Every structure is written in C-alpha cells, then in structure tokens.
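Here's the letter readout for the chains.
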Amino acid sequence: MVRKTDKHSVVGKRQPRLDGPLKASGRSQFSDDIRLPGMLHGKIVRSSITRGKILNVDTSLAEKLPGVKAVITYKDTDDLMIGPDQFLLCEDNVKSFGDEIAAVAAVDEDTAAEAAELIKIDYEPISPILSIEDAIAEGAPIIHDHLDDNIATDHNVCFGDADKAFAEAEYIRSDEYVINPTHSCFSEQHVVLADFSLPDKLTIWTPIQSATFIQMNMSFKFGLPLSNVRLMNLNTGGAFCGRGSDIAHHYIAAILSRKTGKPVKIRCTADEEFIVFRGGGRYQFKIKTGVMKDGTLKAVEADLLLDSGAYMGSQFIVLWFIGFTLQMLYKVDASRFSGKIVYTNNPSYMFHHGTGMVATRFVMGSQLDLIAQDLKIDPVELRLMNAVDKNYTTPSKIHYASCGLKECIQKAAKKSGWKKKYGKLKPYHGIGIGCGVIRAGGKGMLDHDTSAAVVNIEEDGTASLFTGLPDMGQGSHTAMAMIAAETLGIFPEDIRVIAGDTDLTPFDAGAISQRGTFTTGNAVKNACQDALKQIAKVAAQKFGVKPSTVVFRERKVYPKDAPEKAESFEEMAYSTLHSQEGRYIMGNGFYNPPTDRVDSTTFEGNAALAYSFGAQIAEVEVDPETGFVKLLKMTVAHDVGCAINPMAVEGQLDGQVFSGMGQALFEECVMDNGQVLNPSFLDYKLPRPFEMPATENIIVEDRDPYGPFGAKEVGQGPIQCTTQAIANAVSNAIGCPINELPITPERVLQLIRKKKIQEQDCYKIKNKER
C-alpha cells in the first residue's frame, strides 16, 4: 500500500546501519585484516633522544639477521620529504623523540622487531626546546636551520573596525586560557600495507579520511601518474580529524615494498600511536571582548600561540578556522585575530577532534559566562540576545541561509530546567551552557569541494551506489544509501554501497570538514536523479503521461494522479533494460558548492553554503575533598538541517558528548623532556562507559535550502558545545573561573583551595577595618 501522507518514505526514519551485521559479527574487513601472498612485515627505527646530531647509523647486524629482506636509511629515500620541513628519514639530526631514522622488512613481525633493535645509532644530544616561551625567547636556538626564528607560520586577520568597536564598548574583559596536548585514541591503530612490487603501480591499504589527498601526495612524491596510485580504505576505526593526510609510515612501507618486490605491512604498537599520531598541541590563548552594559557584544580579539612540535604539517588550517570562527556564532561589529604556530622539540602536533574549534569555543564560551556574571545577566539570555540567525551575514561575509541557533538554546534551556536550576543549586553542584557553529564542507584546501557518485540500477530493482566517501564509523554509507533510496523511490536495503577503492569509485574530496552528508549527499542525489530520468522516460511511455508526472515511491512507480496503476520499481527497471533500446541504467552525478574560495588577502567570502549550530547544557557535581567532577547530565540540541537518519544523529550526539567530556575532564598527554609519559590507553585517561552521563538529545531541523533534503552536518558541530558547557558548569559549581583544560581533580582542588584562601584574606581585611 502506497502511503501518501508522509513527505518522505526513507529520509527522517530510524534506520539501523546497513553494515551493522558485518560489524557485529566481526566480518567487516579493516586494513590490518588484509594478508597478501609473500607479504613482509616492516618495523621503523625511531630516535631515542629528543634532539641531537646523528653521528653514525650501523645497520650491519640487522642486515645479517636471517629473515631480514631489506633495511633502509636516509640514503635509500632520494631526499623524499613528507612535509615542508621534514625528511622521511633523518640524515644527520633528529628534532623530536621518535623521529624516523631507519626501517626494516622481514618475513614476520618478530624478526622485523629484532632487526630494528640491532640497528645501532650514535648520537650527540643537544638541549631541546620544550616550551613555547623558550622557543620564542630572544636569542633562542633555531630548531630549523633554514629559518630565522621558531615561528612556523602566523596568521593575522581583522573583520570590521575592531579599534572603533572596542572604543564604543562600555565594558571590556580580558582573560587567558591554556589547553594541553591531547590524542584522539582511535580504536584502530595506525597501519599500512603497501604493494609496490610493480615498478609503476602502487597500492596502499590504510585507514584514512581522504583517499584523494593521500593519493595526490604519494603520486607526486613517487613520480607516478595519479591513476597508478590505488588507495584501498575498507573500514576505518575512527578518525576524529587525525587521518586526513599521508604520514611517514605510508612512504616507508612503499619504499620497503619497492626494494623487496613484496607487499610490506607496518602496524604501530600502542606506544608508537602516541608518536605517529599528530594530535592536538598546547594552545595558549589571550582573549578580549568588548560589550555594552546591556550585554550587546561589540568586538572580540584573540591571540594564540600554538605548539607545532618539531614539524609543520597542515596546522595552519587551525589558525584560519579560528580567525573566522570568532565572528561566526554571535553578532559582533568586528573581530581581530593574531595566531602563531611555534616550533618546539615536542612530538609534531596537528588536530584533535574538533580541529581547534573545541579549544576556541571553550575560550569564548568560558569568558562569555564571566561577562554574564560581571553584568549580572543570565548566561542563556546573554547568548540569546547576541545569537546569529537566519539570513545574517557576518563581518567576513559568511551568510547563513539557515540557522537554528536560537531554537537550540531555547529548547536546551527549557528541557534542562535552566531557570529553576541556575544559581539555585546546592553547593558544589553546577550547571553551564555551551554553543557552537561549524560549516558543512566548503572550499579551502582545493579550488573545488567536489564529490561525485555513480548509481547502477539492476534489472531486479536493486541499485549499486559507488562513492569515494570513507565511512569512519559515523554511518555515512548508510546515510548515502538512504539519500539514494529516497531519491529513487526504493528502500535502503535495496542499495549496495561500494566504496574504499580509488580504482572503482569516483572522485571525492573525503570525509573532512563535515562535508559528507552535505556535499557527497548532494552528489548521490544528483546521480540518482540522473538515473530516474532514464527510467521515467520508459515509465511515461507505458502510462501515456509526461515523464515529469511519474512518481517513484516505496518500490512503486505510478502516474501522479493514478496511483492505482502502480507497477513495481523492479518491473520498471526490467522493462528499461529489456526495451528495444536495451538501456542499462547508470546515473552519474557530482556536486561542488557554487561558492568561491575566500579572498587570499582579506579572507572575506562565503566558502561554504551551509552551517550547523548547537547548544548544550551540562550539569555536574564536584567532590570538594577529591576535586573529582561527576558529569550528571547533558542536554544536547543540534540544528542538523534535516536528520537523514535520526538514529545515526543521536549516535553522533552521544559520541561527541563522550569525546567532549574526555577533552574537558580527562585527556592530556603528560610531557617530560619531549616524551609522552602516559602513552597507553591505561595511563592516558579517557571516560569510561559508566561515566557517560544521562543525555537528552534534541534534534533541531532548520532545513537548509542547499542541503540534500535540507540536511547539513552532525560531524564536529556538537563537540564544540560540550567542553565549554562542562567547564562553565564546573565553574558554576566551585565559584571559580576555569582557565585550563582538562579540568583534572588536581586543578579543581587548587582552585577550591585558592578560593578559600582568598575568602579568608577578605575576612581578615574586613575584621581589621572594623
């Protein structure tokens, strides 16, 4: 029976993951599951000191070990560089603990490990530079000889007249914040399998976010045509902004494979994960905000020093994003940003979950609460009065075609009982709010933001959807199947998603910048509409109507005004193939947002079409004796445009609350002499499942005119809100500002004790005055 009451048959319905049975039964293949004939195992020899000169590398014992098939050092790499300042293997100096110096390939992993231990390296240690302050101090030693200082890059941008806006402000507040280094802790450790046994064809199996970027970089650096580098992605066990680019082990495995003529696999140990993964570095923020006494925001200014570690990758993106985001969430007349990325001899950093936005939102959200206290304005009301809304254009000319921010704030506040709780909770109980905004895709790294898709319709009415978009656990392939099914008028179980192989799938920039649902979703929809035109032509002839009046819904095809004449989608597909024309239905589609890259001089422009918004309210309890923070409840509202799959949206919201509470309360790479002291999941503190708070999710759907069925993103938007909401709740509970993440028990106790001392001093002063 064809239902005509629901607008959509598939979109908006709760759909379990199509690959759920494979994942639950252990049949899903990941990169480490692949075994090739004759495969060798590789091991990388890393620096055991933080900084120094390499005096000698002796590989003779390793080369003599039975089972060893190849040993490589710098001289085998043709001066190959994996970044603007980093050689693949070190030649005469090391700049951080764990720098790659040599590598071996052997018949098994144990032999490779033994051979790696036999390689002897003589060093002349040099005193490392381990802090931002030491790195930028006058007369500081230069880490990279080709530079004049230790500034890797900087970014200065101003939107609007900041001086004028601050001059007009009736109240200005300045604060400083620190966010310590973090790690994304993937469930799937870094691994690569490279087959370079043919001289002109390289195949790589590895978990990634973007096959495109790695394929482009490896083809360029090895001098191969792009089509001769094949990326096999399969499944990816988490990414969290950390698998977007090629890193050393990809190239080392390929060179070992080329030298031996055999496939070579390299997989990282748990300890190596904290060296290989370029997580979030130390952020040191100074922020100044000008407001009117009624709470109207006028201007915001931020200065950032960010620890790059020893090498520079694509960290500059963090500076760009922060420069924009200062003026994206609340209406201000102007914003000004100055950021520097600083070289140290710490491990190289890049991104943790949130790409710098979590840190920035924590800083802005925390200070906004302090301003609310100073002006005696409710934090929710302060945010509502300044929140951006639909059709607003920021000082940098970012335009919002949809915006559910105010609705998110209002619904989260109402659902959490904010008015009954704020300022009325018992001691050491607190409540706090956090808000966020993020774009869904957009131009930046490339001149385009293109995704392409192909859909083939079989004569049995099923469809094969080819996409280059990786699924990293977030369920994007199920979402693509739902978009395809809705467009074609069939069901998700009728769609077979084929992905993870650049030899088979069309171009896709990847699962980066929250672009999957929006950009690839639009490409999938366009491909399916192309296929429908072909079927509609045959259907129209059958029904004696115009193709534009043919309806496709719930596996039925019928004239718009005569549903009783419906035929099955399978029958129509069969008829199309077995018609006189003999058409096999293949739909092609692509999508590139019709926007321009931002101006390279002014940084103004609308690089993305869609933006999502969110608000979260955290409730906490603090133990004043131990400093331990218990997260009691999170009320989560997020504007996704259209929830393609509400079940997946809820999963994303829960997952980002979990990740956000980790960054707020637990996660920190404890450093000493350039080494991570807690390089394991046992010592690197993460939330445990039983610590996950009660969560109420509110899906706000301010449909975007450009998104597929109005959809935007739920990729990294929610986590922006979580950390600042928790920090504000803790601050509310203990009566002290939170200026450093994570909020560990030790730091909480220090704040509580500091407050007690201040209260005692005030009491003594008052007694003296009497």
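Check the entry above for the structure.
The sections below set out a description of the structure shown in this document. (Residues numbered from 1 in each chain as written. Predicted model: local features only at pLDDT ≥ 70, side-chain atom pairs only at ≥ 80, totals over all residues. Heavy atoms only, no water.)

### Things to note about the overall build of the chain
Phase 1: Secondary structure summary: the chain contains 19 helices and 31 strands in total.
Phase 2: Along the three orthogonal principal directions, the C-alpha set of the chain runs to about 100 × 75 × 50 Å.
Phase 3: The buried share of the chain, taken over its 770 residues, is 60%.
Phase 4: In the chain, the share of contacts with a sequence separation of at least 24, taken over all contacts with a separation of at least 6, comes to 80%.
Phase 5: Element-wise, carbon and sulfur atoms account for 51% of the exposed surface of the chain, whose accessible area totals about 30900 Å².
Phase 6: Across the chain, the centroid of the 83 positively charged side chains sits 6 Å from that of the 97 negatively charged ones. (Helix = DSSP H or I, 4+ residues; strand = E, 2+ residues; numbered from the N terminus. Buried < 20%, exposed > 50% of the residue type's maximum accessible area, 1.4 Å probe, protein only. Contact = heavy atoms within 4.5 Å. Areas by Shrake-Rupley, 256 points an atom, 1.4 Å probe, with all protein chains shown as cover. Lys, Arg positive; Asp, Glu negative; His and termini not counted. Charge placed at Lys NZ, Arg CZ, Asp CG, Glu CD.)

### Looking at the pairing of strand β27 (residues 629–639)
Phase 1: Most of β27 is tucked away: nine of the eleven residues are buried.
Phase 2: Bridge count between strand β26 (residues 611–622) and β27: ten bridges; the pairing is antiparallel. Looking at the pairing, Ala618 lines up with Met634 of β27.
Phase 3: Connecting the antiparallel pair β26 and β27 is a turn made up of six residues, with Gly627 showing a positive phi of about 80 degrees.
Phase 4: Sheet analysis places β27 next to strand β30 (residues 694–700), joined by seven bridges and oriented parallel. Directly across from Val636, in β30, lies its bridge partner Asn697. (Pairing = 2+ DSSP bridges.)

### Observations regarding a negative patch on the surface
Phase 1: A surface patch of negative charge is lined by Asp78, Asp79, Glu91, Asp92 and Asp145.
Phase 2: Structurally, Asp92 is set in the loop between β5 (86–87) and β6 (93–94).
Phase 3: For Asp92, a relative accessible area of 43% corresponds to the partly exposed category. (Patch = residues over 30% accessible without salt bridge, like charges linked within 9 Å, V, L, I, M, F, W, Y side chains within 5 Å. Salt bridge = Lys/Arg side-chain N within 4 Å of Asp/Glu carboxyl O.)

### Re the sheet that holds strand β9 (residues 151–159)
Phase 1: Read from one edge of the open sheet, six strands run β9-β17-β16-β15-β10-β31, paired in mixed fashion. Edge positions in the sheet fall to β9 and β31 (740–741), since each of these pairs with one other strand and no more.
Phase 2: Across nine bridges, strand β10 (residues 171–179) lies against strand β15 (residues 283–291) in antiparallel orientation. Residue pairing for β15: Tyr171 is matched across the bridge by Val291.

### Quick look at the packing of aromatic side chains
Phase 1: According to the stated counting rule, one finds 15 aromatic pairs in the structure shown.
Phase 2: On the numbers, 5.3 Å between centres and 70 degrees between planes, the contact of Phe316 with Trp320 is edge-to-face. With a gap of four residues between them, Phe316 and Trp320 both fall in helix α9 (residues 316–325), about one helical turn apart.
Phase 3: Here the aromatic cluster, defined as three or more aromatic residues joined through ring pairs, consists of Tyr392, Tyr400, Tyr611 and Phe613.
Phase 4: The residue whose ring lies beneath Lys288 is Phe166, and the NZ or CZ to ring-centre distance is 4.4 Å.
Phase 5: Directly above the aromatic system of Phe709 lies the positively charged group of Lys525, at a separation of 4.3 Å from the ring centroid. (Phe/Tyr/Trp six-rings, centres within 6.5 Å; stacked < 30°, edge-to-face > 60°. Lys NZ or Arg CZ within 6 Å of the ring centre and 35° of its normal.)

### Quick look at helix α18 (residues 717–734)
Phase 1: Burial analysis of α18 places 17 of its 18 residues in the buried class, which makes it a mostly covered element.
Phase 2: Gly735 occupies a position one or two residues after α18 and carries a positive phi of about 75 degrees.

### Quick notes on the side chain of Asn180
Phase 1: Among the structural elements, Asn180 can be located in the loop between β10 and β11 (191–198).
Phase 2: On the accessibility criterion, Asn180 (5% relative accessible area) is buried.
Phase 3: Side chain to side chain, Asn180 and Glu740 meet in a polar contact 2.9 Å long.
Phase 4: For Asn180, the side chain forms a polar contact with the main-chain oxygen of Leu741, separated by 2.9 Å. (Polar contact = N/O pair within 3.5 Å; in protein donor to acceptor, adjacent residues only side chain to side chain.)

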